Amino acid sequence: MRIARFSIDGNVGFGVLEGDELDVIKGHPFAEFERSGQKVPLDKVRLLPPVLPNKVVAIGRNYADHAAELGNAVPDVPVTFFKPSTSVTGPGDPIAYPSFSQEVHHEAELAVVIGRMCREVPRERAKDVILGYTCANDVTARDVQQREKQWARAKGFDSSCPLGPWIETGLTPDDIAAGLAVQCTVNGEQRQLGRTSDMVRRVEDLIVHITEAMTLLPGDVILTGTPAGVGPLNVGDEVAVTIEGIGTLTNKVIKRG
């Protein structure tokens, strides 16, 4: 199923997408829940980021072609970094071009949404801690990333982590390994097109690696890396990330006020 987080008339809730309607659920999707039977039209709500993560754990250089295009080798161990919760924004929300950068890039990525608290997860149990998957854009101030040793500012500025439009719970790690198309367009022009089967490390291995070090909480998000084709965004651009079997996440770039 597809689970969306939305607001309507000042109220925030979760709903299961059914055609062009959301069936509002009781409570939240991180435990057993019931559908209320209350239906709201999708065009009457504002879609929000599907989760508000405590942390976003991102993986760099997990596609060999992307590592190569920036002159990097595939690392021996996953490159792991954080994007703060304040970087998260939702479908249709603006990406504010940071004032401290002159080169901001898009990075289309598959995002894993964690469904339960977990640590030191065995590989064979990794699928059990996943609620589902969504689209992400790891927006990056590339010039700042190259200039500063730490990526915190380059990857963590406000609105640099669009997520959405909803969580798809019907996919498995095997589906990801078999290969879903990951596409990015800017103003309708294709910039990136890859497949999740090209990831250097599978979703299960990333969960094992991350939870060796830290506890993941319900709603936390893992970004799994981007395929080749990353490139510049400018004020006024509309950038869309589409992942096969999930949907499309669209955001417009604005000047930071």
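Residues numbered from 1 in each chain as written. Predicted model: local features only at pLDDT ≥ 70, side-chain atom pairs only at ≥ 80, totals over all residues. Heavy atoms only, no water.

Per an unreviewed UniProt entry, the protein chain is named 2-hydroxyhepta-2,4-diene-1,7-dioate isomerase, and its organism is Streptomyces angustmyceticus.

This next bit is on helix α5 (residues 203–211). Among the residues of α5, those classed as buried are Val203, Glu204, Leu206, Ile207, Ile210 and Thr211. The arc enclosing the buried residues of α5, seen along the axis, measures out at 160°, which places them on a common side. In this structure, the buried side of α5 is in contact with β6 (56–60), β11 (108–114), β12 (130–137), α4 (173–178) and β17 (221–223). (Buried < 20%, exposed > 50% of the residue type's maximum accessible area, 1.4 Å probe, protein only. Helix = DSSP H or I, 4+ residues; strand = E, 2+ residues; numbered from the N terminus. Arc of directions from axis to C-beta. Contact = heavy atoms within 4.5 Å.)

Taking the UniProt record as the reference, the feature "domain: Fumarylacetoacetase-like C-terminal" (unreviewed entry) is found at residues 55–253. For the annotated span residues 55–253, helix accounts for 16% and strand for 38% of the residues, and the straight-line distance between the end C-alpha atoms is 23 Å. (UniProt positions renumbered as here; feature names shortened; annotations may be inferred.)

Taking strand neighbours across the sheet as the criterion, the 3 strands line up as β13-β10-β18 in an open arrangement whose pairing is antiparallel. The outermost strands of the open sheet, each flanked by one partner alone, are β13 (140–141) and β18 (231–233). (Pairing = 2+ DSSP bridges.)

What follows deals with the pairing of strand β16 (residues 189–195). Direction of pairing for strand β15 (residues 181–186) relative to β16: antiparallel, over a ladder of 6 bridges. Note that in β16 the partner of Ala181 across the bridge is Arg195. The antiparallel hairpin formed by β15 and β16 contains 2 residues in its connecting segment, where Asn187 sits at a positive phi of about 55°.

Okay, the side chain of Asn251 next. Turning to its location among the elements, Asn251 is positioned in strand β20 (residues 247–255). For Asn251, a relative accessible area of 2% puts it in the buried group. Among the polar contacts made by the side chain of Asn251, one reaches the main-chain carbonyl oxygen of Asp93 at a distance of 2.8 Å. Look past the residues within four positions of Asn251 in its chain and what remains in contact with it is Thr89, Gly90, Pro91, Gly92, Asp93, Ile95, Pro162, Asp237, Glu238 and Val239. (Polar contact = N/O pair within 3.5 Å; in protein donor to acceptor, adjacent residues only side chain to side chain.)

Here the focus is the domain arrangement of the protein chain. The domain boundaries assigned to the protein chain delineate domain 1 (2–47) and domain 2 (56–255). The C-alpha-based centres of domain 1 and domain 2 are spaced at 25 Å. Residue-level contacts link 9 residues of domain 1 with 14 residues of domain 2. Buried area between domain 1 and domain 2, both sides added, is near 970 Å², and the carbon and sulfur share of it is 61%. When the buried surface of domain 1 facing domain 2 is broken down by residue, Arg2, Phe30 and Leu47 rank first, second and third, together holding 61% of it. Between domain 1 and domain 2 we count 2 salt bridges in total. Arg46 is the salt-bridge partner of Asp93, the closest N and O atoms lying 3.0 Å from each other. Contributions of two or more residues to the side of domain 1 that touches domain 2 are made by β1 (2–8) and β5 (46–47). Broken down by element, the side of domain 1 that touches domain 2 gets its largest block of residues, 3 residues, from β1. Here the side of domain 1 that touches domain 2 is built from residues that sort into 7 nonpolar, no polar and 2 charged. (Domains from an automatic or database assignment. Buried area = accessible area lost by both parts, 1.4 Å probe. Salt bridge = Lys/Arg side-chain N within 4 Å of Asp/Glu carboxyl O. Nonpolar A, V, L, I, M, F, W, Y, C, P; charged D, E, K, R; others polar.)

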